[in-house]
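# Coordinate inspection notes
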Amino acid sequence: GVKLATTKVTMDEQKLVISFALFLLVLCLFIFFFPLAIVLIPILVAIIYHVNHLNRCDVDTGNYFFAGWTFGGHRGSPYSFPENSMSGFAQAQKEGADLIEFDLAMSKDGIAVIMHDDNLDRTTDLTGPVREKTLTELRAASLAAKFARHNSSPVSGSVPREGVPTLEEVVQFSVKNNIRMLFDVKDYSDEMVGIIVKLFADYNLYNRAIVCSFYPWVIYKVKRASPGILTGLTWRQHFFAFSDLDAQVPRYFGLSHHAATFVDAVYLFMLKTWLPTFLGADMLLTNEKDICPAYVNAMREKGMRVAVWTVNDIVQAQWMIGSLKIAILTDFPYLSTQLRNLDKFVKNGFK
């Protein structure tokens, strides 16, 4: 008889054929059911939105909190004392701030502490990630080690050595001194969310503090865990594509940069349409470069409050607080005296 030639098919070739067949099947199904998909997809999206969206806090809680915030100290008073330090928070209140903003991080032993950067290199005499240090080690660090006081500060004298404070210490200080708080959160672990929720309950912070983040999933987790907590979505343009405020330093290069730019465009559309409502956000904490009357009015029409970071120009601050009626964060709380004088000057017809 005649012996037929045989061809050995490799496993990779089998996978390729199967994958291609599945692709053709999905393509055929999509083409066949395309008219139905046009109808069903919007319905499905609406159902998902309705089932998962969160509600804002009640009006009275929001009104009480925002009525007490006009001029907030960004990380305390960081040009008079080290940023995110207890001395800086106390100084911010002395200088006229009615709110202090601070950043949260987690220690190695699971304690919420106050630190902006992921590592300790820039602001202390230690190095390495905050997450790799115990609370004892963080208390031994010096926030004053690399601090240089700004020449415009009203404070003089030496800067005291102090370690990294805990979140609970800052909360206790704020409650005792009746000053509002803004928690800036990057860590969305269940551990951090649990700590925040417990502190709000233990110290009854619901109309005294607000939790904000650049990351939508952070405030979503906080609001879902405790619907009574005020939350704010922090944002600026070009956040995903550029690491600096002036959009000059790209986070990525090549195709990744273009992808990040596309994400920024889509995110901006989401932010100005449905995302804050879906998250149950009570406020949009907006970069000062992105503020204009049209934006503020558009958000107000949607029932969304607007606040601004970080305003260090006295004329700009007066315009935002006096004309736009929105609260601000500033690195210079001691400008509050000048701001009051400027406000009187404007109200008196520049006389």
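Presented here is an overview of the structure given in this document. Computed from a predicted model, the values in this text were never measured in an experiment. (Residues numbered from 1 in each chain as written. Predicted model: local features only at pLDDT ≥ 70, side-chain atom pairs only at ≥ 80, totals over all residues. Heavy atoms only, no water.)

Turning our attention to the pairing of strand β1 (residues 71–74). The alternating pattern of β1 places F71 and G73 on one face and G72 and H74 on the opposite face, and all of these are buried. Judged from the 3 bridges that link them, β1 and strand β9 (residues 327–330) form a sheet pairing that is parallel. The residue bridging G73 from the neighbouring strand is T330, located in β9. Looking at chain direction, β1 and strand β2 (residues 99–106) are connected through 3 bridges and run parallel. Across the sheet, residue G73 finds its bridge partner in β2, namely I100. (Buried < 20%, exposed > 50% of the residue type's maximum accessible area, 1.4 Å probe, protein only. Helix = DSSP H or I, 4+ residues; strand = E, 2+ residues; numbered from the N terminus. Pairing = 2+ DSSP bridges.)

What follows is about the packing of aromatic side chains. Scanning the model with the defined rule gives 21 aromatic pairs in all. Taken together, the aromatic side chains of Y188, F214, Y215, W217, F239, F240, Y267 and W309 make up a single cluster linked through ring pairs. It is R149 that lies over the ring of F81; its NZ or CZ is 4.9 Å from the centre. Positioned over the ring face of F239 is R251, at 4.9 Å from the centre of the ring. (Phe/Tyr/Trp six-rings, centres within 6.5 Å; stacked < 30°, edge-to-face > 60°. Lys NZ or Arg CZ within 6 Å of the ring centre and 35° of its normal.)

Of all hydrophobic cores here, the largest spans 31 residues; its most connected members are L233, L284, I291, Y295, M320, I326 and I328. Elements that contribute at least two residues to this core include exactly α7 (216–225), β6 (230–235), α8 (255–272), α9 (275–279), α10 (293–301), β8 (305–309) and α11 (314–323). With residues up to four places along the chain from it excluded, the contact list for L284 reads L233, W235, L271, P276, Y295, M299, M304, R305, V306 and A307. Residues I100, V197, L205 and V222 belong to the second largest nonpolar core, which totals 29 residues. (Core = buried A, V, L, I, M, F, W, Y, C linked by side-chain atoms within 4.5 Å. Contact = heavy atoms within 4.5 Å.)

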